Amino acid sequence: MNKLLSSLCLIAASVGSAAAFAAPFTLSSPDFTAGKLLPSAAGGKPGNDPACHGQNISPLLEWQNAPANTKSYALIIQDPQGKNGLGVTHLVAYGIPATTQRLERTALSNGKGFVGGLNSKGTEAYVGPCPPPTLDLHYYTFTLIATDLAPTALPAGLLREELLHRLEGHALAAAGTVAGYQAQIPHR
C-alpha cells in the first residue's frame, strides 16, 4: 500500500511539474522586435491624414504553445495613447481557426484569415499607425487571445468592447507583444 501511494505521489508530482514547466503561449513577429519600432511600411497610407506616411502593410505575426483546447483566436491591435489618451483600435480580428499559427504579412490589411470586427476607423481590417507628427513615440499593443469558441461563433462587425464582452468565460489564455511607431516630423 505504501509503495502504491509513493508511486502515485511520484506520478502526480511529475505531472504537476511538467504542467508548471509547459512552454508559454507567445506572440512574435519577424518584422519587428518586441519593444522596438514597427517598420515604417506598417504605418497608415497617406491620404486625408497628413500624419500617415506608411504603406499600411500589416506585419507578419506568429504564435506558439496555445492551450490544448483552443478552438479559435482573437487579435486586437491598439494604441492606448491615441486620441489624446482615449485610445485607438487598429484591428479587431477573431474567428481565427486554431489550426492557424501565423498570419502572413498583409493578411490583416487585406482582411484574410479572420472575421473582422470594427476598428476605430469603422473598417474590418488593419489600419496602420498614424500618430500626430510630434516627438511623442506611440506604443502599439498586439494581444492574441486563445478561445474555446468555434471560428464561426461570432458575427462580423463587433467593436472591441463587444468582442471582449462576448469572450467572457471563453478566453483560455493571452499572448502579446508591443512595438513603437513615430510619425515623421515635417522638415521646415
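This text follows the structure it describes.
Let us look at the structure shown here. Each residue is numbered by its place in its chain's sequence as written, counting from 1. With pLDDT at 70 or above as the cut-off, local features in this predicted model cover only qualifying residues; side-chain atom pairs require 80 or more to be listed or tallied, and sums for whole chains, interfaces and linings still use all residues. Hydrogens and waters are ignored; side-chain quantities use all the structure's heavy atoms.

A few points about the overall build of the chain
Each helix is a run of DSSP H or I of at least 4 residues and each strand a run of E of at least 2, with the numbering of both proceeding from the N terminus. A tally of helices and strands in the chain yields 3 helices and 8 strands. For every residue, the accessible area obtained with a 1.4 Å probe (protein chains only) is divided by the maximum for its type, and the residue is called buried under 20%, exposed over 50%, and partly exposed between those limits. Buried residues in the chain amount to 38% of all 188 residues. Only the protein chains shown count as cover for residues, and the accessible areas themselves come from Shrake-Rupley with a 1.4 Å probe. Total accessible area computed for the chain in this model is approximately 10,400 Å², and 58% of it derives from carbon and sulfur atoms.

Focus: the layout of surface pockets
Both site types are read off a 1 Å grid over the protein atoms alone. A 1.4 Å probe that fits but cannot get out defines a cavity, while an open set with protein on both sides within 12 Å along at least five of seven lines defines a pocket; lining residues have an atom within 4 Å of a point. Grid points are joined across faces, edges and corners, and a volume is the space filled by probe spheres set on the points. Estimates place the volume of the largest pocket at around 300 Å³. Forming the boundary of the largest pocket are 22 residues, of which Gly-82, Lys-83, Val-88, His-90 and Cys-130 lie nearest the centre. The set of elements that each furnish at least two residues to the lining of the largest pocket consists of helix H2 (82–85), strand E4 (88–97) and strand E7 (138–147). Considering each element in turn, the lining of the largest pocket owes the most residues, 4 residues, to H2. For the lining of the largest pocket, the class distribution of residues is 8 nonpolar, 10 polar and 4 charged. Side-chain classes are defined by residue name, with Ala, Val, Leu, Ile, Met, Phe, Trp, Tyr, Cys and Pro counting as nonpolar, Asp, Glu, Lys and Arg as charged, and the others, Gly among them, as polar.

Here we look at the sheet that holds E4
Between any two strands, pairing holds if DSSP finds at least two bridges. If you trace the 5 strands from one edge of the open sheet to the other, you get E6-E4-E3-E7-E8, paired in antiparallel fashion. The strands lining the two open edges of the sheet, one partner per strand, are strand E6 (115–116) and strand E8 (171–181). Helix-sheet contacts for helix H3 (residues 160–167) involve strand E3 (72–79), E4, E7 and E8, and the interaxial angle to E3 is about 145 degrees. Should any heavy atoms of two residues lie within 4.5 Å, those residues are considered in contact. Note on geometry: axes are lines fitted to C-alpha atoms, helical ones only across the stretch in contact, with angles between N-to-C directions running from 0 to 180 degrees.

Here's the deal with empty space enclosed by the protein
In this structure the tally under the stated criterion is 1 cavity of 30 Å³ or more. One number sums up the size of the largest cavity: a volume of about 60 Å³. Around the largest cavity sit Ser-72, Tyr-73, Ala-74, Tyr-94, Gly-95, Thr-147, Leu-149, Ala-150, Pro-151, Ala-153, Leu-154 and Leu-167, which together line it. Listed by contribution, the elements that provide at least two residues to the lining of the largest cavity are E3 and E4. Broken down by element, the lining of the largest cavity gets its largest block of residues, 3 residues, from E3.

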